[in-house]
Amino acid sequence: MASYLPLADYAVIGNLHTAALVGKNGSLDWCCFPRFDSPSVFAALLDRRIGGRFQIAPEPLAGLQFRQIYLPETNVLLTRFLHIDGVGEVTDFMPVNEQKTSDVPQQIVRSVRVTYGSLPFTLQCQPAFHFAQEAHTFCLVPHGASFRGKDLHLGLASPVPLVADGNDGVSARFTLSAGQTLHFLLESSGPDGAVPVPLNEETYQALLRQTLTFWRRWIAQCSYQGHWREQVQRSALVLKLLLYQPTGAFVAAPTTSLPECLGGGKNWDYRYTWIRDAALSMDSLLDLGYVQEAEAMFKWLESRCYECKEVGCLQPVYRVDGGHDLPLVKLPRLEGYAGSRPVQVGNVAATQKQLGIYGELLDAAFLVDQHAPISSDLWKALCLALAWLEEHWRDPDQSIWEEGGAPRPYTFSGAMVWVAFDRALKLAHRRGLPAPTARWADVRAQAHRRVLEKGWSEKLQSFTQTYGLDAPDASALLFGIMKFLDARDPRMLGTMKRIQRELTRDALVYRYHPQEVAKAGIRGGEGAFAACGFWLADALARGGYLEEGRLQLEKMLSYGNAVGLYGEEIGPTGEVLGNFPQAFTHLSLIIA
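Residues numbered from 1 in each chain as written. Predicted model: local features only at pLDDT ≥ 70, side-chain atom pairs only at ≥ 80, totals over all residues. Heavy atoms only, no water.

Novice: Honestly, the pattern of salt bridges in this entry has me stumped. Any pointers?
Specialist: When charged atoms on two side chains of opposite charge get close, those side chains can pair. Summed over the entire model, instances satisfying the criterion amount to 33 salt bridges. Within the structure, one salt-bridge network assembled from shared partners comprises Glu 260, Lys 266, Glu 403, Arg 511 and Glu 526. (Salt bridge = Lys/Arg side-chain N within 4 Å of Asp/Glu carboxyl O.)

Set out below in structure tokens:
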């Protein structure tokens, strides 16, 4: 099996339509065009042999070292190659197009420069359309190459001659000395697109300046001035990078099928928008002063509410354009990251029942309403959703972790039912909105009592994962953030201590006991859930253990990669697991 880079050795670039992962070896190993949830054109991340890559790097040299950094306060990436004979750099970025239309061409700019000495470089561009499932044609042109698939065209503009490499791709070799620079441009368009014009120095500098200015102006709006400002700003930049500009929706991650355990079966597609993530992203962005992004995200949520009509039942996850259909399709031709099958697209969570999303939706409405009052039409739609919840709030569900198997009565879902009716009552009171307040207050009280009676274990002195099960679950750490109970309530402190004893390894917090994974019928284990480690830091600080909470936060921050990115999970020795970078982790860092 071909070797794979550790996931921590990747950084991400993007343009508010899609994103690409670039390894510290100069290989662009993941990109979907024209948007996040489109099929991939480069997927070496999931199959080093046939997945497709676009690599620019020095030829193999003994002692060659690699480094990556972002240009300050931006998502422009600089990959550095350090050798006794010379120092080279590749600057990677995607020019940001703020148009809300989805049919604009997508561009990747790759600029190669030597700052000291001299280095020989190799370029390889080997696209593999539609997750390497679709053949394409290609041809060389005077200033580049053209790759045509069924529905997509890629044009590569090159300042050096390219040659066919025999794998439906192209390659080149060139040597640069100190002060010399070459600029490459890859552009995606419809099937009839043309190869772009090569970038001259003036055009390149204009694109770079425009991109730097966009990111720096955006991050300058960040209102956060506390400790760990650099880490908070990097997380904010990641969240913005995962925004789909045409609709305002955030994707959970730009990747699919990166494993939660090498060789295991928990390989999911996260290139979609979860109502849970959207609501928490809004909370994080509002905390940082980004009202415009939060309002755009809520507009997307609002559209999903109008779709419910009289049924009142929301999906947990949607496509970035609001599409409902996410059928699970396996791609057996791809071997998976480091041999971790299955590779799959789509997500069965779209068909699950998750009662917690109503609490997250109403909490988001309550937060946004403080900045821009919600409309009467939206209030009617929310009332319809709550009418459905009144009938179904006692139902078992799949809850926040979306595990398979039969639905169960999750404690977290019960607490989020309370959040839904609590925020609805507060909204009605704040705006004088018509509502069946007596009924809602009764359901709110019943939901609260039910969680305290059925979700609390006297034996463990902790809230449990499901009613009647003596096993803790890290999702209970959110109860303080959601104000279900005060963070210093004895039940919350007892739960926190139980989670530290049973689910925590040093600073790493697991979602639940391994035997609960087995009950869900999932092959393979998983790492510690990175977001839970940040929730623990928050819970400790809110609970009065400020120094312990600060240390927990510092330890969690140490698990970021060289450019400050975090995945979904963390392995026992600190390795990144799961889809990457993960919005849920970064927004939890901001909250903490």
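Moving on from the model shown.
Novice: What am I meant to see in unusual backbone geometry here?
Specialist: Excluding glycine, a negative phi dihedral is what most residues carry, and trans is how most peptide bonds are arranged. Looking along the chain, the bond that leaves Arg 341 and enters Pro 342 is cis, with omega of 5°. Mapping Pro 342 onto the fold places it in the loop between β20 (329-330) and β21 (344-345). Phi is positive for Glu 73, which is not a glycine, with a value near 60°. One can find Glu 73 in the loop between β6 (65-70) and β7 (77-83). Taking relative accessible area as the criterion, Glu 73 reaches 40% and is therefore assigned partly exposed. Positive phi outside glycine occurs at Asp 506, with the angle close to 55°. With respect to the helices, strands and loops of the structure, Asp 506 is situated in the loop between β24 (504-505) and β25 (508-509). (Helix = DSSP H or I, 4+ residues; strand = E, 2+ residues; numbered from the N terminus. Buried < 20%, exposed > 50% of the residue type's maximum accessible area, 1.4 Å probe, protein only.)

Novice: Teacher, can you tell me more about the packing of aromatic side chains here?
Specialist: How two aromatic rings sit relative to each other is given by the distance of their centres and the angle of their planes. Throughout the structure, instances matching the rule amount to 25 aromatic pairs. Aromatic pair Trp 456 and Phe 463: ring centres 5.3 Å apart, planes at 75°, arrangement edge-to-face. We note that Trp 456, like Phe 463, is buried. Grouped by ring-pair contacts, the aromatic residues Phe 412, Trp 418, Trp 456, Phe 463, Phe 479 and Phe 484 constitute a single cluster. (Phe/Tyr/Trp six-rings, centres within 6.5 Å; stacked < 30°, edge-to-face > 60°.)

Novice: Before we go on, may I ask you to explain the pairing of strand β2 (residues 19-23) in this structure?
Specialist: Strand residues, when the strand is regular, have side chains that alternate between the two faces of the sheet. Within β2, five of the five residues are buried, which leaves it mostly tucked inside the rest of the structure. Hairpin remark: strand β1 (residues 10-14) followed by β2, antiparallel, with four residues in the connecting loop; positive phi at Leu 16, about 75°. Hairpin connection between β2 and strand β3 (residues 27-32): a loop of three residues separates the two successive antiparallel strands, and Gly 26 in this loop has a positive phi of roughly 80°. (Pairing = 2+ DSSP bridges.)

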